[in-house]
Amino acid sequence: MNAAIPVQRQLDAYNAHDLDRFVAEYAADVEVFRPPAASPVLSGLPAFAAHYARNRFTLPDLHAEVTNRIVAGGIVVDHERITGLQADVVETVAVYKVVDGKITTVWFF
């Protein structure tokens, strides 16, 4: 499977504020990192889903736009512009590791 497929599906669900479709693209043991921290900020699908339900999908204007995507095997790197998260546009780089069609690890820079 092309690693970009689950990453695109989770982005589409994110923009639709569809939590069930969003978390369906992630592995049960998903880990989210915010370097330079060495430990994950979120670990496991229940904590991941709760965070997005509480802190993201309650924001009515939340929207992410991919301005550039690089796919190398099971790694997808997205440069994203996020609106509706705070007053200004947030630019971030998200690196997704995909294994067996599920996102297992995310690094947000």
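Small disclaimer: the values here were computed from a predicted structure and weren't measured.

Undergrad: Hey, could you run me through the environment of Glu25 in this one?
TA: Positionally, Glu25 belongs in the loop between helix 2 (19-23) and strand 1 (26-33). Taking the C-alpha atoms as reference, Glu25 lies 21 Å from Thr67; in sequence the two are 42 residues apart. Ignoring anything within four residues of it in the chain, the contact list for Glu25 reads Pro6, Arg9, Gln10, Gly101, Lys102 and Ile103.

Undergrad: Would you explain unusual backbone geometry in this entry?
TA: With an omega of 15 degrees, the peptide bond between Pro35 and Pro36 qualifies as cis. Looking at the element boundaries, Pro36 is found in the loop between strand 1 and strand 2 (42-43). Positive phi outside glycine occurs at His17, with the angle close to 60 degrees. With respect to the helices and strands, the residue His17 is situated in the loop between helix 1 (4-16) and helix 2. Look at Asp100: it is not a glycine, yet its phi comes out positive at around 50 degrees.

Undergrad: Looking at this structure, how should I read the sheet that holds strand 4 (residues 75-83)?
TA: Adjacent strands of a sheet form backbone hydrogen bonds with each other and so pair up, either parallel or antiparallel. Strand order in the open sheet formed by six strands is 2-1-6-5-4-3, and the pairing between neighbours is mixed. Both edges of this open sheet fall to strand 2 and strand 3 (63-72), since each of them pairs with a single strand only. Across two bridges, the pairing between strand 1 and strand 2 is antiparallel. Pairing of Glu31 across the sheet is with Ser43, part of strand 2. The sheet contacts of helix 1 involve strand 1, strand 3, strand 4, strand 5 (90-99) and strand 6 (102-108), and relative to strand 3 the element is tilted by about 175 degrees.

Undergrad: Any chance you could explain the pairing of strand 5 here in plain terms?
TA: In terms of strand pairing, strand 4 meets strand 5 through eight bridges, oriented antiparallel. Bridged to Val77 within strand 5 is Val95. Strand direction decides the pairing type here: strand 5 and strand 6, joined by six bridges, are antiparallel. Looking across to strand 6, one finds that Val95 is bridged to Trp107. Count of turn residues in the strand 5/strand 6 antiparallel hairpin: two residues, of which Asp100 carries a positive phi of about 50 degrees.

Undergrad: Where do I start with the side chain of His51 in this structure?
TA: Here His51 is to be found in helix 3 (residues 45-55). His51 gets classed as buried once you look at its relative accessible area, which sits at 18%. Beyond its immediate stretch of four places on either side in the chain, His51 contacts Leu42 and Arg56.

Undergrad: Would you explain the pattern of salt bridges in this entry?
TA: Oppositely charged side chains may form a pair once their charged atoms are brought near each other. Under the counting rule described, the total for this entry stands at four salt bridges. For Arg81, the salt bridge is made with Glu91, and the minimal N-O distance between the two is 2.8 Å. Linking Arg81 in strand 4 with Glu91 in strand 5, this pair joins segments that are ten residues apart in sequence.

Undergrad: Looking at this structure, I do not really get the nonpolar core. What am I missing?
TA: Grouped burial of nonpolar side chains is what soluble globular proteins tend to show. Counting 26 residues, the largest nonpolar core has Tyr14, Phe22, Tyr26, Phe48 and Tyr96 as the members making the most contacts within it. Of all the secondary structure elements, the ones that give two or more residues to this core are helix 1, helix 2, strand 1, helix 3, strand 4, strand 5 and strand 6. In this structure, Tyr14 is in contact with Phe22, Tyr52, Arg56, Phe57, Leu62, His63, Ala64 and Ile82, ignoring residues within four places of it in sequence.

Rules and cut-offs
- Residues numbered from 1 in each chain as written.
- Predicted model: local features only at pLDDT ≥ 70, side-chain atom pairs only at ≥ 80, totals over all residues.
- Heavy atoms only, no water.
- Helix = DSSP H or I, 4+ residues; strand = E, 2+ residues; numbered from the N terminus.
- Contact = heavy atoms within 4.5 Å.
- Pairing = 2+ DSSP bridges.
- Axes fitted to C-alpha atoms, helices over the stretch in contact; angles between N-to-C directions.
- Buried < 20%, exposed > 50% of the residue type's maximum accessible area, 1.4 Å probe, protein only.
- Salt bridge = Lys/Arg side-chain N within 4 Å of Asp/Glu carboxyl O.
- Core = buried A, V, L, I, M, F, W, Y, C linked by side-chain atoms within 4.5 Å.

So, to be careful, I would describe these as geometric facts and stop short of saying anything about function.
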